[in-house]
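# Per-entry structural report
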Amino acid sequence: MKKILLYIFLFTYTTIMFKPLLPYITDTVAHIFWYSSHISTVHYENGQYHVHIESGKISKECSGKK
Ligand SMILES: [Zn+2]
């Protein structure tokens, strides 16, 4: 039981610590595995620099600015 709580805490901690990197990781995975659908949906709607926009939103959330 203690190990499960430890794993949940470790997963939560790493998710919070790597939250600013998540747009880059998800974009890399999308470009590798779902390239055509990613290009035809996300890049079509948000442009070539969609990761920059998502990263900017997360940095504003983390800093508390609006
Ligand atoms: Zn992309």
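Being a predicted model, the structure only gives us computed values, none of them experimental. (Residues numbered from 1 in each chain as written. Predicted model: local features only at pLDDT ≥ 70, side-chain atom pairs only at ≥ 80, totals over all residues. Heavy atoms only, no water.)

## Quick notes on the coordination of the zinc ion
Asp-27 (OD), His-31 (NE2), His-38 (NE2), His-43 (NE2) and His-50 (NE2) make up the full set of protein donors to the zinc ion, lying at 2.0 to 2.3 Å. When the donors of the zinc ion are listed by position in the chain, the intervening gaps give D-x3-H-x6-H-x4-H-x6-H. (Donors = N, O, S within 2.8 Å, 3.2 Å for Na, K, Ca; no water.)

## Re the packing of aromatic side chains
According to the stated counting rule, one finds two aromatic pairs in the structure shown. Both rings, one in Phe-9 and one in Tyr-13, keep their centres 6.5 Å apart while their planes meet at 20°; by these two values the pair is stacked. Linking Phe-9 with Tyr-13, this pair stays in helix H1 (residues 2-17), spanning four residues, or about one helical turn. (Phe/Tyr/Trp six-rings, centres within 6.5 Å; stacked < 30°, edge-to-face > 60°. Helix = DSSP H or I, 4+ residues; strand = E, 2+ residues; numbered from the N terminus.)

## Thoughts on the confidence of the model for the chain
Within the chain, residue pLDDT values average 89, and 97% of them lie at 70 or more. Here helix H4 (residues 50-63) is the element of the chain with the lowest mean pLDDT, 86, and H1 is the one with the highest, 93. (pLDDT = per-residue confidence, 0-100.)

## Some words on H4
Between the first and last C-alpha of H4 there are 20 Å, a value that for 14 residues agrees with the 20 Å anticipated at 1.5 Å per step. Taken together, the buried positions of H4 are occupied by His-50, Val-51, Ser-55 and Ile-58. Each buried residue of H4 lies within a common arc of 130° when the element is viewed along its axis, so the set occupies one face. Away from its buried face, by an angle of more than 90 degrees, H4 presents the exposed residues His-52 and Lys-57. Of the residues flanking the end of H4, it is Gly-64, one or two places downstream, whose phi is positive at about 90°. (Expected span 1.5 Å × (residues − 1). Buried < 20%, exposed > 50% of the residue type's maximum accessible area, 1.4 Å probe, protein only. Arc of directions from axis to C-beta.)

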